[in-house]
Amino acid sequence: MSNLAVSEKKRYEEKRKKYGKFALQKFKNPSGNVIWRVSGSINGRRIRKNFENKDDATAEKQRLDLKQKAEHNYERVVVTSLTREQCEEAKIAFRLLEGRKKSLSYYVQFALERYREAEFEVTVEAAVDEYLKSKRIEQSRNIITAIQLRRINAHMGNFKKKHGKALIGEVDFKQVQEDLDSGVSKDGTSRVSPKTFNNKRGFLSTFFRFCVQQDWIVFNPIDKIPTYTVKANRGSAETISAGQAAEIMEFLETYEAPRREKGFLVPYFALCLFAGIRPDSRIGEISRLKGKDVRLDTGVILIEPEVSKVDEKRAIKIQPNLRLWLEKYPVADIPIIPLQMEHHRTQIRAHFKLAQNVLRHTFISMTVGAFKSVGDAALQAGNSEKIIRKHYLDLKTEAEADAFWRIVPKGTNVPSNLVKMEGRFREAKELKAVS
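Values in this document were obtained by computation on a predicted structure and should not be read as measured data. (Residues numbered from 1 in each chain as written. Predicted model: local features only at pLDDT ≥ 70, side-chain atom pairs only at ≥ 80, totals over all residues. Heavy atoms only, no water.)

Trainee: Looking at this model, I keep getting lost on the overall build of the protein. Mind explaining?
Mentor: Each helix and strand counted, the protein has 17 helices and 8 strands in total. Buried positions account for 38% of the 435 residues belonging to the protein. Sequence separation of at least 24 residues holds for 58% of the intrachain contacts in the protein that already meet a minimum separation of 6. As displayed, the protein offers around 26700 Å² of accessible surface, 51% of which is attributable to carbon and sulfur atoms. (Helix = DSSP H or I, 4+ residues; strand = E, 2+ residues; numbered from the N terminus. Buried < 20%, exposed > 50% of the residue type's maximum accessible area, 1.4 Å probe, protein only. Contact = heavy atoms within 4.5 Å. Areas by Shrake-Rupley, 256 points an atom, 1.4 Å probe, with all protein chains shown as cover.)

Following this line, the structure appears as structure tokens:
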């Protein structure tokens, strides 16, 4: 090999050692843990860094590649007070901004106004825990209801599970937008409805507003996410007929399960169908109703504020047919919410093709149909008269409603001389002859 070839090879080796590309390698260290290593040289200085996460290693490799390229192309002489390292950082920054419309100083100012140094930040996990603690205090002071607290816990639990280890200041509106858009409907095939999207957005917006108040972040990222305009197009409520109601209750009297007596689901369905109690067995009113509040002695079911969805006390009249159901299947002996209730409720709903709130809707429409009083139905159901008129008025004839209120357990009958008085069926008093 000629001296010229040796000289060229030597220069190539020196250049390779000085500016060789950085490599990303995966290997196990002596302890057996898998790590990612970034290695290479800049200006003859060997650099080697290990990372547990591939994404972190890739990001560092990209940063070092840019810095290495800047070193290799350091050719323009400029009189400046910046150090060489500061000049290299500036060159990297300008390369990262290629194609952007704003200046470097604009983006620096933008970051300074919105970024908090790590020592002043908390993780999403810690922020959510503090937020939920404040909400529990609000619930104890009756500022929010128990059901609101349950929903907040559910939504924030999902958010914490996904972003818990990240710093709260690192969660931007794009990530939140993806979270909201990633949801699917209950059938698992389509996106959530606009109303559900708005509800989820509301929970997160309140959380981020709390973080702004705690000075953990500068602005609420939810502010950049618009809400959907939801068209109020709901018409008449979905109900079942008196015949379907009788068929369901007859089926429930014979329904059985391992280690369960026949009729163990009757109290739950009777209270939802003939008293209109909100039916969600996990967070609805029925899930918090106590047996002691089913007052057969006074003829009412008391819905206390801590049970009510709207945090207001109300009383539901126990009609004669409901009394027969509760006497035959007493809540003192049979739990209103038995074990594995969701499993059994799902089976019953699937068997009869029942919508979520159809039992409650049927109760309201049958009450209006039988007694012709929107105000009384509103008081018992815990709705406004406007809602009753809009969704439940004139859905049932008086004849069908009267038949509904005569649905009773097998082997029993309501008195034949019932009359309607003050929104309740009562036995007619015998008239005495006057001498």
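Still more to cover.
Trainee: Can you help me understand the pattern of salt bridges in this one?
Mentor: Where charged atoms from two side chains of opposite charge approach closely, those side chains can pair. Enumeration over the complete set of coordinates arrives at 20 salt bridges. When the shortest N-O distance is used, the salt bridge between Arg-314 and Glu-285 registers 2.8 Å. Taken together, the residues Arg-314 in strand 6 (residues 314–317) and Glu-285 in helix 11 (residues 285–288) connect sequence positions 29 residues apart. For Arg-314, a relative accessible area of 7% translates into the label buried. For Lys-420, the salt bridge is made with Glu-398, and the minimal N-O distance between the two is 2.7 Å. Of the two residues, Lys-420 sits in strand 7 (residues 418–421) while Glu-398 sits in helix 17 (residues 398–404), which places them 22 residues apart along the sequence. Overall, the relative accessible area of 38% leaves Glu-398 in the partly exposed class. Here the salt bridges do not stand alone but share partners, grouping Lys-49, Glu-60 and Arg-63 into one network. (Salt bridge = Lys/Arg side-chain N within 4 Å of Asp/Glu carboxyl O.)

Trainee: Explain empty space enclosed by the protein to me, please; I cannot follow it from the model alone.
Mentor: Over the atoms rolls a probe the size of a water molecule, and its path tells where empty space is left. As enumerated under the stated definition, the model contains 1 cavity of 30 Å³ or more in all. In this structure, the largest cavity spans a volume of roughly 50 Å³. Lining the largest cavity are Tyr-268, Phe-269, Pro-279, Arg-345, Arg-349, Leu-354, Ala-355, Gln-356, Val-358 and Leu-359. The set of elements that each furnish at least two residues to the lining of the largest cavity consists of helix 10 (266–275), helix 13 (341–352) and helix 14 (358–371). (1 Å grid on protein atoms, 1.4 Å probe; cavity = no way out; pocket = protein on both sides within 12 Å on 5 of 7 lines; lining within 4 Å. Points joined across faces, edges and corners; volume = space filled by probe spheres on them.)

Trainee: Please clarify how the pairing of strand 5 (residues 300–303) should be interpreted in this entry.
Mentor: The side chains of a regular strand alternate between both faces of the sheet. Side-chain alternation along strand 5 places Val-300 and Leu-302 on one buried face and Ile-301 and Ile-303 on a second face that is also buried. Here strand 4 (residues 294–295) runs beside strand 5; their pairing, made up of 2 bridges, is antiparallel. Pairing of Arg-295 across the sheet is with Val-300, part of strand 5. Hairpin connection, strand 4 to strand 5: the antiparallel pair is bridged by 4 residues, and Gly-299 has positive phi, about 80 degrees. In terms of strand pairing, strand 5 meets strand 6 through 4 bridges, oriented antiparallel. What sits directly across from Val-300, in strand 6, is Lys-317. (Pairing = 2+ DSSP bridges.)

Trainee: Would you take a moment to explain the sheet that holds strand 5 for this structure?
Mentor: Strands in a sheet are paired, the pairing made by backbone hydrogen bonds, and the direction either parallel or antiparallel. Across the sheet, 3 strands lie side by side as 4-5-6; this open sheet has antiparallel pairing. Bordering the open sheet on either side are strand 4 and strand 6, each of which pairs with just one other strand.

Trainee: It is not clear to me how helix 10 should be interpreted in this structure. Could you clarify?
Mentor: Each α-helix turn comprises 3.6 residues. Residues three or four places apart therefore point the same way. Of all the 10 residues making up helix 10, 10 are buried; the element is thus mostly covered by neighbouring parts of the structure. Where helix 10 is concerned, the buried positions are Val-266, Pro-267, Tyr-268, Phe-269, Ala-270, Leu-271, Cys-272, Leu-273, Phe-274 and Ala-275. Positive phi appears at Gly-276, one or two residues downstream of helix 10, with a value of about 70 degrees.

Trainee: Looking at this structure, how should I read helix 13?
Mentor: Taking 1.5 Å of rise per residue, 12 residues should cover 16 Å, and helix 13 covers 17 Å from first to last C-alpha, within 8% of that figure. Taken together, the buried positions of helix 13 are Met-341, His-344, Arg-345, Ile-348 and Phe-352. Buried residues of helix 13, seen end-on, are gathered within an arc of 100 degrees and therefore sit on one face of the element. In the core, the buried residues of helix 13 are packed alongside helix 9 (242–254) and helix 10. Just past helix 13, the residue Lys-353 takes up positive phi, approximately 55 degrees. (Expected span 1.5 Å × (residues − 1). Arc of directions from axis to C-beta.)

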